[in-house]
Structure formats: C-alpha cells, structure tokens
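Below are the chains, spelled out letter by letter.
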Amino acid sequence: MTMIDKVSDLSRSLTTLCLRISEVGAALIGLAVLVYILLGEASGDLVTGIVANLLVLITAATPQGLTGIAIVAALLWIGGRWQRRG
C-alpha cells in the first residue's frame, strides 16, 4: 500500500467520522425540538436554549440564503444520483 493510498484511506475515514458526528448532532437537535414540543417551557433550560437558538437562526435567514441552500441541496442530490449511475 502506497503512501497516497494510506492518506486516501485516512481522508475517507475522517470524512465518514465527520458525517456520522453530524448525523448524531442533527438527531439530538431533533430530539430536543420534540421534547420542547411535548413539554413546552417545562422542558428545561438546555432544550429551551436549543429551540431559542434555532428560532434565531430561522428568523435570521434571508430569502437569498434560503435560495442558496436550496440550490446546493439540489446540486448535491443530482450529484448523488449521477454518481450512483456511473
């Protein structure tokens, strides 16, 4: 195994790790929102803080930013479909 192969494998492993950590984080945020929906203000300071920060992010998003996110998401989706075909 050459050095380039080792670096490539390491890069692939780190990418997979980062994706898994992001998935866990998104799931935890979703769980916090669900707890907030079920319990409301009685859900605790941590959950209330997470939901408050999400609301700040949502209200700060401009239409141009949302359009950019939608374009990037569409390109990633099309790229994923194209990659699976090839």
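Look above for the structure.
Residues numbered from 1 in each chain as written. Predicted model: local features only at pLDDT ≥ 70, side-chain atom pairs only at ≥ 80, totals over all residues. Heavy atoms only, no water.

Participant: So, the pattern of salt bridges: which residues are in play, and what are the values?
Facilitator: This structure, assessed with the given rule, holds two salt bridges. One salt bridge connects arginine 12 with aspartate 9, and the closest N-O pair in it is separated by 3.0 Å. You can see arginine 12 and its partner aspartate 9 sitting in helix α1 (residues 3–39), three residues apart, about one turn around the helix. Residue class for aspartate 9 comes out partly exposed when judged on its relative accessible area of 30%. (Salt bridge = Lys/Arg side-chain N within 4 Å of Asp/Glu carboxyl O. Helix = DSSP H or I, 4+ residues; strand = E, 2+ residues; numbered from the N terminus. Buried < 20%, exposed > 50% of the residue type's maximum accessible area, 1.4 Å probe, protein only.)

Participant: Can you tell me about α1, naming the residues and giving the values?
Facilitator: Think of an α-helix as turning once every 3.6 residues; residues three or four places apart then point the same way. A rise of 1.5 Å per residue sets the reference length of α1, with its 37 residues, at 54 Å; its end C-alpha atoms lie 54 Å apart and thus fit the reference within 8%. Of the residues one or two after α1, glycine 40 is the one with positive phi, at around 70°. (Expected span 1.5 Å × (residues − 1).)

Participant: For the packing of α1 against helix α2 (residues 45–60), give the residues involved together with the corresponding values.
Facilitator: Taken N-terminus to C-terminus, the directions of α1 and α2 make an angle of 105°; their axes are 9 Å apart at the nearest point. Here α1 lies roughly perpendicular to α2, going by the angle between them. Contacts between α1 and α2 involve Ile29, Ala32, Val33, Val35 and Tyr36 from the former and Val47, Thr48, Ile50, Val51 and Leu54 from the latter. Split into classes, the residues belonging to the contact of α1 with α2 amount to nine nonpolar, one polar and no charged. (Axes fitted to C-alpha atoms, helices over the stretch in contact; angles between N-to-C directions. Parallel < 35°, antiparallel > 145°, perpendicular 65-115°, else oblique. Contact = heavy atoms within 4.5 Å. Nonpolar A, V, L, I, M, F, W, Y, C, P; charged D, E, K, R; others polar.)

Participant: Got a sec to walk through a nonpolar patch on the surface? Specific residues and values, please.
Facilitator: On the surface, Val24, Leu28, Leu31, Leu34, Leu38 and Leu39 cluster together into a nonpolar patch covering about 610 Å² of accessible area. Take valine 24: it is sitting in helix α1. (Patch = residues over 30% accessible without salt bridge, like charges linked within 9 Å, V, L, I, M, F, W, Y side chains within 5 Å. Areas by Shrake-Rupley, 256 points an atom, 1.4 Å probe, with all protein chains shown as cover.)

By themselves, these figures tell us nothing about what the structure is for.
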